[in-house]
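Understanding the architecture of this molecule
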Amino acid sequence: MSVKVSKDPRADSVAVIGSGVAGLITAYTLLRDGFTDVQILTRDAYVGGVWARDRIYPGLYLNNIHGEYRLSQLEMPPPIAGGNRLSGDDMNKYFETFASKFLQGKIQFNLQVQNIRRHPSGQGWSLEVTDLQSGVKETRQYARLVVCTGGASTPRMPDELSPNAAAAAGFKGPVFHSVDFVSRVKELLLTVPPEKPGSETAPASVVVVGGGKSAQDVCAYLANEGRKVTLVCHDLDPFTAAKKPLPDFIRRSRFLSLLSPHIHLRTSLERFLHTTWLGKKFVHFMWQGISDSAFQAMDIPKESPLRNTVSMFWHIRVNDEGIPRPDGFHALALQGKIDVLTPSHAAGFSKDGTSILLDDGRAIRASALILATGYRSSWSPLFDSQCMEELGLTPHPAEQQTKHQWNYTTLSPSPPLHPEAKKWSSSLFRGLVPAKNIARRDFAVNGATVSPNNGYTLEVASHWISSYFLGDDMRIPETPEEAFAETERVAAWLKRRYPEIPTALNSSHTGNVAFWTWPQNADDLLGDMGLRVMRSGGNALTWPFKIIELEEIKHLKEERDAKRAAKLAS
């Protein structure tokens, strides 16, 4: 059966894969733009992605405060627990409300999508869909496809620490990835008894491997439940923290984004900060000050292993702890309720099956092992390798010599280039469309750009995707060759900006990186659509400190409609 493709794209069928925030806002924007046949397909039982009700747990807090992580069409109620920190419950209720209000009847749950491939006719897409409850399988066809599965759903576990390795060593405790923490936590608490004050025998520890936010959240939860916990990692995420909340004109403005260089420097202030000796001194002074003030706010001693963090400037692993909490990870570690072993590396299980071995020869007697060791690409289960290659979703060999240069003073000297970053590059244009497919306008990705303000970033990207599907005039490459040349330039930039991060290895998560510079990235997308950039306003002195509000992008549909109408009238 052929795929129906109409002259008016709005009449064509669109499948949106994934029901996290990227999938929800993409489907919503397409529907508002007049696409009549839009379906969200998700393997999950509930909306929300990482914030779905079966993936959150008590004590889970975001890096965002109230007002930051939302969508323009729906206000977010005050946090359930009071204050201004957003919890997992807050996010879950918000996205369930959004789906209920705007996407009734558009979401199909418990569907496993596999073997996505271009339809034999050359137009549209074929998908194999399995109902996870009934087991019924079917093949579906869609004219257009948006993959919104993100980068935090398919766990990566080192072979030497896997459940199979545990079984081979006779390790009796639970072994699982942090993505399964919610579904396994009751079992874990029943299996691992709490510490007994005054006991002469130290209990075995729940060992958590990893230094990121998930690892820290899991450690804090278990420590607050009275379990003995040991964290093992090479290094920890850096973080921001303060005794008092940062003012909005610092936290929610462009100020911090200006302290990070972008692939192009739009303003004279950015050029001063990143291309002059004095600007470099100021930028690095500010980042060092932010890091030092966070340690001071947490009362972390200079000799503490908690200071073994990666660079806040050179990395995208940065957490916002806000005002220190007595039941938070750092406070619990300082109280001795969490043992932190860093820099350390977990190398495997002991031969007697009772301990986790470290690469320095030490052994930690363990009652359970939780692996917060990151994620693999969520695209691999969706596509076969041939389709991934044909579509251009797989990493390709990196250019060993590049003509692209950025003589930014703030990027010198730089850390060494990661070995995998030397080998591979991604060819996703803007982190949204594979360069090979740029001219066909029937496939896109949302949610593959790293940003600390996902609500704003994903919403702008959803409008870009809708304009792209509608065939609007856009300032984008017209041919795969032109698109590939641009993605090579961006790949060279990412290697220069984040040399220690092999971004191409999980393009479903790091197809593009716009961490501190997320406002500049949003401006690039708005510019592609021919829309106004730098929307927060302000004069020559105040614009860096103007608060970025979701209201600025609430009427992007109307702006795009007006631009389209003006073209037809001319």
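Residues numbered from 1 in each chain as written. Predicted model: local features only at pLDDT ≥ 70, side-chain atom pairs only at ≥ 80, totals over all residues. Heavy atoms only, no water.

Moving on, we get to the nonpolar core. Grouped together as the largest cluster of nonpolar side chains are 95 residues, with contacts concentrated most on F181, L222 and W464. Ranked by the residues each element gives to this core, the list is headed by helix α13 (residues 454-470), at nine residues. Core analysis: the next-biggest nonpolar cluster, separate from the first, contains 30 residues, F255, L273, V318 and V490 among them. (Core = buried A, V, L, I, M, F, W, Y, C linked by side-chain atoms within 4.5 Å. Buried < 20%, exposed > 50% of the residue type's maximum accessible area, 1.4 Å probe, protein only. Helix = DSSP H or I, 4+ residues; strand = E, 2+ residues; numbered from the N terminus.)

Let us look at the sheet that holds strand β8 (residues 137-142). Strand order across the open sheet formed by three strands is β6-β7-β8, with antiparallel pairing between neighbours. Single-partner strands in this sheet number two, and they are β6 (111-118) and β8. Sheet twist, expressed as the average angle between the axes of neighbouring strands with direction ignored, equals 25°. Where β6 lies against strand β7 (residues 125-131), six bridges are found, and the strand directions are antiparallel. Looking at β7, one finds that R118 is bridged to W125. (Pairing = 2+ DSSP bridges. Axes fitted to C-alpha atoms, helices over the stretch in contact; angles between N-to-C directions.)

With that out of the way, let us pick up a nonpolar patch on the surface. Side chains of F272, W277 and L278 sit close together on the surface and give an oily, nonpolar patch of about 360 Å² of accessible area. By the element assignment, L278 lies in helix α9 (residues 277-297). Residue class for L278 comes out exposed when judged on its relative accessible area of 52%. (Patch = residues over 30% accessible without salt bridge, like charges linked within 9 Å, V, L, I, M, F, W, Y side chains within 5 Å. Areas by Shrake-Rupley, 256 points an atom, 1.4 Å probe, with all protein chains shown as cover. Salt bridge = Lys/Arg side-chain N within 4 Å of Asp/Glu carboxyl O.)

Another point: the sheet that holds strand β25 (residues 443-445). Read from one edge to the other, the open sheet built from five strands follows the order β5-β2-β1-β9-β25, with strand pairing classed as parallel. Since the sheet does not close on itself, it has two edges, and those belong to β5 (107-108) and β25, each with one partner. Pairing of strand β1 (residues 13-17) with strand β9 (residues 144-147) involves four bridges; the strand directions are parallel. Within β9, the residue paired with V14 across the bridge is R144. Strands β1, β9 and β25 of the sheet are contacted by α13, whose axis makes an angle of about 175° with β25. (Contact = heavy atoms within 4.5 Å.)

As a further point, take the packing of α13 against helix α16 (residues 518-528). Where α13 meets α16, the axes come as close as 10 Å, and the angle between the chain directions of the two elements is 15°. By the angle between their directions, the pair α13 and α16 is classed as roughly parallel. Handedness of the α13/α16 crossing: left-handed. Note on element contacts: α16 touches α13 through W518, N521, A522, L525, L526 and D528, opposite Y456, T457, V460, A461 and W464. Taken together, the residues of the contact of α13 with α16 break down into eight nonpolar, two polar and one charged. (Parallel < 35°, antiparallel > 145°, perpendicular 65-115°, else oblique. Left-handed = near helix turned anticlockwise from the far one by under 90°. Nonpolar A, V, L, I, M, F, W, Y, C, P; charged D, E, K, R; others polar.)

Moving on, we come to the environment of I338. Along the chain, I338 turns up in strand β16 (residues 338-341). Using a relative accessible area of 2% as the deciding quantity, one classes I338 as buried. Expressed as a C-alpha distance, the spacing of I338 and T230, which sit 108 residues apart in the sequence, is 5.7 Å. With sequence-adjacent residues up to four places away left out, I338 is seen in contact with C219, A220, A223, V229, F329, L332 and A333.

In this section: unusual backbone geometry. Negative phi values dominate among residues other than glycine, just as trans dominates among peptide bonds. The linkage connecting T342 with the following residue, P343, adopts the cis geometry, with an omega of 0°. Along the chain, P343 turns up in the loop between β16 and β17 (346-349). A cis amide bond, omega -5°, links S412 with the succeeding residue P413. With respect to the secondary-structure elements, P413 resides in the loop between β21 (396-397) and α12 (419-423). Of note, N115 is a non-glycine position whose phi angle comes to about 50°, a positive value. Summarising the element assignment, N115 is placed in strand β6. Its identity is not glycine, yet R430 carries a phi of approximately 60°, on the positive side. Along the chain, R430 turns up in the loop between β23 (428-429) and β24 (433-434). A relative accessible area of 23% places R430 in the partly exposed class.

Before going further, it helps to examine the pairing of β1. With respect to burial, β1 is a largely interior element, five of its five residues being buried. Judged by which residues are buried, β1 turns out to be covered on both faces: S13, A15 and I17 on one side and V14 and V16 on the other are all buried. In the sheet, β1 pairs with strand β2 (residues 37-41) via five bridges, with the strands oriented parallel. Each bridged residue has a counterpart across the sheet, and for I17 the counterpart in β2 is L41.

Okay, the pattern of salt bridges next. According to the stated counting rule, one finds 33 salt bridges in the structure shown. Residue R70 is joined to E75 by a salt bridge in which the shortest nitrogen-to-oxygen separation is 3.6 Å. R70 gets classed as buried once you look at its relative accessible area, which sits at 6%. R251 is paired through a salt bridge with D320; the nearest N and O atoms lie 2.3 Å apart.

Let us look at the packing of aromatic side chains. Per the counting criterion, the structure on display carries 24 aromatic pairs. An angle of 20° between the planes, with centres 5.5 Å apart, marks the rings of F255 and F545 as stacked. Placement of F255 in helix α7 (residues 255-258) and of F545 in the loop between α16 and α17 (556-569) is noted, with a sequence separation of 290 residues between them. We classify F545 as partly exposed; its relative accessible area is 33%. Among the aromatic residues, those joined into a cluster by ring pairs are W287, F313, W314, F515 and W516. Note that R497 overlies the ring of W314, its terminal NZ or CZ placed 5.9 Å from the centroid. (Phe/Tyr/Trp six-rings, centres within 6.5 Å; stacked < 30°, edge-to-face > 60°. Lys NZ or Arg CZ within 6 Å of the ring centre and 35° of its normal.)

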